[in-house]
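# Commentary on secondary and tertiary structure
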Amino acid sequence: MTLNPLLAMSLTWKPQKERLTKPYYQSIADMVEEDIESGILSAGTKMPPQRQLADFLELNFTTITRAYKILTLKGVLTTVEGSGTFVAGNKHQSISLGNDELKHEEIDLGFVSFVEDTNSYVKEAVAEVLKNPQMPMLLDYSNPTGMPHQKETAIKWLSKINVSAQKENMCITQGTHNAITISLLSLFKAGDRIAVDTHAFINFIEIARLSKLRLVPISFDQEGMSPYDLLSKHLQQGIQGVYLNPSCGNPTTLMISEKRKQELARVIVDNNILLIEDDINAFFTASVVKSYEGPIQRYAPNHTVYISGTSKPICSGLRIAYMCYPPRLKSTIENGLFNLNVKTTALDAEIITTMINDGIALKILKAKIQRTIKRNEIFNLIFGKDPNNYCPVSMYRWLGIESSLDANSLENYLLEKGVRVYHGDRFKVGPQNEKKYIRLALTTAKSEDELRHGLEIVKHALSLI
C-alpha cells in the first residue's frame, strides 16, 4: 500500500508500527493506554479518524474499530458524536478526588471537605438519640425508605429552599453519591445518553461510566447550561437524562439563573427528558443569594429526581441525602433502593432528624456559611472577584489559568511548591478546551491563615510559568 506522507503528518497520534503484535486490536489499545500514562497523549486530544489510522498502520478498518471500542468501554476514550473520539478528560490520572495523606507542610486546596469544628455540635444530638427508648427500632430492616417521622422532618427542612416533597414519593439514602447511583441504575440503561456541563462533578462522571452511560457535553454561559445546545444535542443524538448542580456548579461554581431554570425545564418537559437535580449547595445559596427562588424541580416536577445531601450543610460524616421523585417513578426508584441498600442506616438519619428538630442543623449551617464567606473573601483579595455568576458561598473556586503544562505536570509542579490543587481536565467531558482551569478548595485548609498562604503560593507559582 502506498501511503500519502501528508496523512502521517496530519495524524494526532502516530503509533510505532514496528511495535504492533497480534492480536493487533489489543496491541493498539495497549499502546494508547501506555501513551496516555506517559503523557504523550494528553486529556482531550482528538484521536485519529479510524479510517486514517487504519491506512497509516496498513490494517483493516475493523481492527481499529475494535481497539477504539475496547478503550471506550474502559472509559479511556470518549466519543462526541459529530466531533470525533477523544482521550477522556480524566483517564490520565486517578479519576477519584481523594484526600490522600499529604506531607505535614503541604496545603490541601484539592480535595473539598470542611473545617470540621462544627462537629462538636453533633455530640448533643447523638447523646439524645442514644437515650431514646425507641433507639433499638433504628437497628432493624423496617421502613427501608426512611421512618415516617424522619421524612416529615425532611419535608420541613426542604421547604426552607422551596422544595416540594411528599412522604409517599421520597426516600432517605446513604448520601448524595448513593442517590445518584440509585437514579442512574434504576432509570437508565447501558448506552443511554446523559447531558452534563462540559466540566462536571467528577464523581457523577465516574458513576455514569461504571453504569455504561454515555455523557453528552453541553455548553454553558454565566447563567448556566445552554437550553439551546441541550435541545440541539437532544434532536441530534436523543438524550434520555440531564444532570445539573443548579445552586453551585461543581467545579465551575456557577449558579443557574431563575430565567435559565425555566428555559431548561421547558426543554426537559417538552422532550420528556429526566432531570437529576443534585442540589447539595442550595442551603448555602438560599441563605445568601437574594435572587434564589428555588430548584428547577418547581418547573418540571414530573420529570425531576431531586437530591439534597446533608454532608455539606450539616455533617460530612453522616452520609444522608433526601431523594424526592414523581409518583410515576416511585416503584422503579424504590426497587433500585432496595436492591442497592436494603436499607439506609436509620441511626444516622435519626441523628440528622434530631439535629434539624432541635435547631442544631440550622446553627451549624449558619456557622459554615460565615466561615465560607470569609474564605471566599480571602480568595477575592488574592485573585480578584469573579465577574461571572459564581456562588459567593462556594467551598471551592474555579480559576482560569495560562500554562503550557499538561494537567499532571501542573498538579505536580504546584505540589512541589507545597500546595495540592486539581486541574480542570479532571472534570472535563468531551474535547479539549483552549482555556485551562484549576479548582481550588477553600474549606479544607485548617485555618484562614493557611488558606491565604496556600493561595499566595499558587498565585506566585503560576506567575512563573
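See above for the structure.
Residues numbered from 1 in each chain as written. Predicted model: local features only at pLDDT ≥ 70, side-chain atom pairs only at ≥ 80, totals over all residues. Heavy atoms only, no water.

### Points about helix α6 (residues 148–159)
- Over its twelve residues, α6 extends 17 Å from the first C-alpha to the last, a length consistent with the 16 Å expected when each residue adds 1.5 Å.
- Against β4 (170–173), α11 (282–288), β11 (304–309), β12 (321–324), α13 (346–357) and α14 (360–383) lie the buried residues of α6. (Helix = DSSP H or I, 4+ residues; strand = E, 2+ residues; numbered from the N terminus. Expected span 1.5 Å × (residues − 1). Contact = heavy atoms within 4.5 Å.)

### Comments concerning the sheet that holds β11
- Reading across from one edge, β4-β12-β11-β10-β9-β5-β6 is the order of the seven strands in this open sheet, with mixed pairing throughout. At either margin of the open sheet sits one strand with a lone partner, and together these are β4 and β6 (214–218). Taking the axes of each pair of neighbouring strands and ignoring which way they run, one obtains an average angle of 20° across the sheet.
- With four bridges joining them, β11 and β12 adopt antiparallel strand pairing. Following the sheet pairing, Gly309 is matched in β12 by Ala321.
- Sitting on the sheet, α6 touches β4, β11 and β12, and the angle it makes with β4 is about 100°.
- Sheet strands in contact with helix α7 (residues 176–187) are β4, β9 (241–244), β10 (274–278), β11 and β12, and its direction is about 160° off that of β11. (Pairing = 2+ DSSP bridges. Axes fitted to C-alpha atoms, helices over the stretch in contact; angles between N-to-C directions.)

### Considering the sheet that holds strand β13 (residues 396–401)
- Strand order in this open sheet of three strands is β13-β16-β15, and the pairing throughout is antiparallel. Two strands in the sheet have a free side with no partner beyond their single neighbour: β13 and β15 (422–423).
- Direction of pairing for β15 relative to strand β16 (residues 436–441): antiparallel, over a ladder of two bridges. Each residue of the ladder has a partner; that of His423, found in β16, is Ile438.
- The strands touched by α14 are β13 and β16; relative to β13, the strand with the most contacts, the crossing angle is about 15°.

### Observations concerning the pairing of β6
- Judged by how many residues are buried, β6 sits mostly within the fold: four of five residues are covered.
- For strand β5 (residues 193–197) and β6, the ladder comprises five bridges, and the chain directions are parallel. Note that in β6 the partner of Val196 across the bridge is Pro217.
- At this point the chain moves from β5, through helix α8 (residues 202–210), to the parallel β6, and the crossover so formed is right-handed. (Buried < 20%, exposed > 50% of the residue type's maximum accessible area, 1.4 Å probe, protein only. Right-handed = clockwise from strand over helix to strand, strands pointing away.)

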